[in-house]
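Listed here are the chains, written in short residue letters.
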Amino acid sequence: MQMQAVDGEVHADLTLDGRMEGAPGLAHGGAIAAALDDLFGGVLVLLETPAVTARLNVEYRLPVPLHTPLHLVARCTATEGRKLHMAGTMSAGEAIVAEASAMFVRVEIAHFEASGVPVPDAWRSWGGAARG
Ligand SMILES: CCCCCCCCCC(=O)SCCNC(=O)CCNC(=O)[C@H](O)C(C)(C)COP(=O)(O)OP(=O)(O)OC[C@H]1O[C@@H](n2cnc3c(N)ncnc32)[C@H](O)[C@@H]1OP(=O)(O)O
C-alpha cells in the first residue's frame, strides 16, 4: 500500500480485490483491519519511532465493496511513555466505512532484528523503547 505523509497524517489509497473477499462481493473484515494497522505502521515511520501494535480496535460502519477506491487516513493522537495512541479511518467516497483506534508500544530495534531479517538502515538511527 502506497502511503503519503500530509500535515502529520498518513494517507493511502487502496482498492481491495477478490483476494480480500469475505462475504460475496465484499471485503473481509480482517483485510480492513490489516490495512488500517499497516497504515498505523506508516505513522510510526513518519514519527521515526519503532513500535508494535499492542491493541487494535476496528469499528465496521458500512460494508466495504471490492473493486472500489478507498481512502485511508491515520495519525498519532497521543503519546504516553512508551505508548502511542493512533486513530484512523477508511472511506469510500464521502462515507466512512471503518474507523480504527490502536495502542502501539515503543520497542527497541532488536525487537524486529530478532526475526533474522535485516531492518532498513534508517531505523537504527531512531531512538527505541528507552526514548519514551
Ligand atoms: C518504525 C516502523 C515499524 C514498523 C513496524 C510495523 C508494525 C506493524 C504493526 C504490526 O503488525 S506489529 C505486529 C503485531 N504486534 C505484535 O507482534 C506485538 C506483540 N507484543 C509484544 O511484543 C509485547 O507484548 C509488547 C512489545 C507490545 C509489550 O511488551 P513489553 O514487555 O515490551 O512491555 P510491557 O508488557 O511492559 O508493556 C508496556 C506498557 O504497555 C502496556 N501494554 C502492553 N501490551 C498491552 C496490551 N495488549 N493492551 C494494553 N496495554 C498493553 C502495559 O500495560 C505497559 O503499560 P504501563 O507502562 O502503563 O505499565
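The shown structure was predicted, so the numbers you read here are calculated from the model rather than taken from an experiment.

Thoughts on the side chain of H11
Mapped onto the elements of the fold, H11 is located in strand β2 (residues 9-15). Residue classification places H11 among the buried positions, given a relative accessible area of 17%. Reaching out from H11, the side chain makes a polar contact with the side chain of H71 at a distance of 3.0 Å. Once residues within four sequence positions are removed from consideration, H11 is found in contact with Q2, M3, Q4, V6, L39, H71, L72 and V73.

Quick word on the UniProt feature "domain: Thioesterase" (unreviewed entry) in the protein chain
Using the residue numbers shown here, the UniProt feature "domain: Thioesterase" (unreviewed entry) corresponds to residues 25-92. As annotated, residues 25-92 comprises 28% helix and 47% strand, and the C-alpha atoms at either end are separated by 15 Å.

A few points about helix α1 (residues 29-47)
The terminal C-alpha atoms of α1, which comprises 19 residues, lie 27 Å apart, in line with the 27 Å expected from a rise of 1.5 Å per residue. Listed as buried for α1 are A31, I32, A33, A35, L36, L39, F40, G42, V43 and L44. Residues of α1 that are buried in the fold lie against β1 (3-6), β2, β3 (51-60), β4 (69-80), β5 (83-92) and β6 (95-106). Looking at the residues trailing α1, positive phi occurs at E48, about 55°.

Things to note about the site of the ligand
Neighbouring residues of the ligand: 19 residues in total, closest T53, A54, R82, K83 and M103. Between a nitrogen atom of the ligand and a main-chain N or O atom of A54, the distance comes to 2.9 Å. For the ligand, whose unbound accessible area comes to 1,200 Å², protein coverage reaches 49%. Mapped by element, the contributors of at least two residues to the shell around the ligand are α1, β3, β6 and α2 (110-113).

What counts, and where the lines are drawn
- Residues numbered from 1 in each chain as written.
- Predicted model: local features only at pLDDT ≥ 70, side-chain atom pairs only at ≥ 80, totals over all residues.
- Heavy atoms only, no water.
- Helix = DSSP H or I, 4+ residues; strand = E, 2+ residues; numbered from the N terminus.
- Buried < 20%, exposed > 50% of the residue type's maximum accessible area, 1.4 Å probe, protein only.
- Polar contact = N/O pair within 3.5 Å; in protein donor to acceptor, adjacent residues only side chain to side chain.
- Contact = heavy atoms within 4.5 Å.
- UniProt positions renumbered as here; feature names shortened; annotations may be inferred.
- Expected span 1.5 Å × (residues − 1).
- Near = heavy atom within 4 Å.
- Areas by Shrake-Rupley, 256 points an atom, 1.4 Å probe, with all protein chains shown as cover.

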